[in-house]
Amino acid sequence: MKIAIYGREFNNTVLPYVQEVFNVLEHFKVQTIIFDQYHHFINDKVKLPAGYFTFSNNIELVGQADVLLSLGGDGTLLDTLSLVRDSGIPVIGINFGRLGFLASVKKEEIKLAIQALLNNQYTLDRRSLLSLESENNLFGDENFALNDITIHRRDNSAMMIIHAYMNNEFVNSYWADGLIMATPTGSTAYSLSCGGPIIFPSSESFVITPVAPHNLNVRPLIIPDNVSLTFEVEARSSKFLVSCDSRTETVDRTVKINLRKANFGVNLIRLNKESYLTTLRNKLLWGIDTRNY
């Protein structure tokens, strides 16, 4: 098995766990391919396995790796989307961050997780993506999101009015600070913090969640994922923000935003002892209440 490694810069508290990853890979004689920028950062900090290679973009990754291993939190794993794209290369994350919905492997279980990978003791959890289209080609060829696409006012601007259409039929005019369009994967991220529902990954749905709506009777709306969405912005400010996962662009208010389900998905690796419900219970601390004991 060939395993590619992606990560971000980290502080020294993470260093022993990063070293353990490479020690385990070398112990099992796994062919290792390291993202070039990450390699520059860690080269003088950890002992790397013999015979490793590096890659710098998705073209160099495709066909060279069986699995992409993300070292960090959920944000780090979201970064890997621009590398795997529509290649189908499965992704698994070791959580060096905080919550870890996507990067679900605990740093104390590094060896067990890599052993499970090598023994094919995992399943693929295919997740849907959102894609964005606009006249000015926002985000270029990285116009897709695993979590959410968000329209948001700038920090110094007044509340926005966002006119939403589904399959060209008017839905609503949202008076709010912004609007989140989330996938089932993203339903446990920003959307959840704004009062949105948790959506099971296989539900074939998206959710539209307003951010601080002026009208309190406006609530999150679950929609099928086979529709097209169009958004027009009305605001005092001439500019607003559009975020595609962690990437953000400033956009003129005359620009229309069109969203639909992407024509490809991403494969997240779920170790056989894991399930989505287990992750929810553990990460959201369901049932953890002193009154239960």
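Look a little higher up for the structure.
Numbering of residues begins from 1 in every chain and follows the order in which that chain's sequence is written. Totals for whole chains, interfaces and linings use every residue, but because this is a predicted model, local features are given only for residues with pLDDT of at least 70 and side-chain atom pairs only at 80 or more, for both listing and counting. The basis for every side-chain value is the complete set of non-hydrogen atoms in the structure, without hydrogens or water.

Points about helix α1 (residues 15-27)
Argument step 1. Helical segments are the DSSP runs of H or I of at least four residues, strand segments are the runs of E of at least two, and each set is numbered from the N terminus. Here, expected helix span is obtained from the residue count minus one, scaled by 1.5 Å. Taking 1.5 Å as the rise per residue, α1 with 13 residues should run 18 Å; its terminal C-alpha atoms sit 18 Å apart, in good agreement.
Argument step 2. For α1, every residue scored as buried is listed here: Val 18, Gln 19, Val 21, Phe 22, Val 24 and Leu 25.
Argument step 3. Downstream of α1 by a residue or two, Lys 29 has a phi angle that is positive, lying close to 55°. The classification of residues rests on relative accessible area computed with a 1.4 Å probe and restricted to protein chains. Under 20% of the type maximum is buried, over 50% is exposed, and intermediate values are partly exposed.

Here's the deal with the packing of α1 against helix α6 (residues 110-118)
Argument step 1. At a closest axis distance of 10 Å, the pairing of α1 and α6 adopts a crossing angle of 35°. Relative to α6, the crossing made by α1 is right-handed. On α6, the residues touching Tyr 17, Glu 20, Val 21, Val 24 and Leu 25 of α1 are Ile 110, Lys 111 and Ile 114.
Argument step 2. Asp, Glu, Lys and Arg are counted as charged, while Ala, Val, Leu, Ile, Met, Phe, Trp, Tyr, Cys and Pro are counted as nonpolar; the rest, among them Gly, fall into the polar class. The residue inventory of the contact of α1 with α6, partitioned by class, reads 6 nonpolar, no polar and 2 charged. Orientation is described by axes fitted as lines to C-alpha atoms, over the contacting stretch for helices, and by angles from 0 to 180 degrees between their N-to-C directions. By convention the crossing between two helices is left-handed if the near helix lies anticlockwise of the far one by an angle smaller than a right angle, and right-handed if it lies clockwise. The contact definition used throughout considers only heavy atoms, calling two residues in contact when any of these lie within 4.5 Å.

A short note on empty space enclosed by the protein
Argument step 1. Definitions used for this entry: grid spacing 1 Å over protein atoms alone; cavity, a set of points where a 1.4 Å probe fits but cannot get out; pocket, an open set with protein on both sides within 12 Å along at least 5 of 7 lines; lining residue, one with an atom within 4 Å of a point. Grid points are joined across faces, edges and corners, and a volume is the space filled by probe spheres set on the points. Tallied over the full model, the rule gives 1 cavity of 30 Å³ or more.
Argument step 2. Space inside the largest cavity adds up to approximately 160 Å³.
Argument step 3. Counting residues per element, the ones that place at least two in the lining of the largest cavity are β5 (91-95), β7 (122-127), β20 (266-271) and α8 (276-283).
Argument step 4. Classifying every residue of the lining of the largest cavity by side-chain character gives 9 nonpolar, 5 polar and 4 charged.

What about the layout of surface pockets?
Argument step 1. Of the voids in this model, the largest pocket is the one considered here, and its volume is about 490 Å³.
Argument step 2. Residue lining of the largest pocket: 25 residues in total, with Gly 73, Asp 74, Gly 75, Gly 97 and Arg 98 positioned closest to the centre.
Argument step 3. Mapped by element, the contributors of at least two residues to the lining of the largest pocket are β4 (67-72) and α4 (74-79).
Argument step 4. Per element, the largest residue contribution to the lining of the largest pocket is 4 residues, and it comes from α4.
Argument step 5. Of the residues in the lining of the largest pocket, the class split is 10 nonpolar, 11 polar and 4 charged.
Argument step 6. Looking at the second largest pocket, its volume works out to about 230 Å³.
Argument step 7. Together, Ser 104, Lys 106, Glu 109, Lys 273, Glu 274, Thr 278, Thr 279, Asn 282 and Lys 283 line the second largest pocket.
Argument step 8. Here the residues of the lining of the second largest pocket are counted per class, giving no nonpolar, 4 polar and 5 charged.

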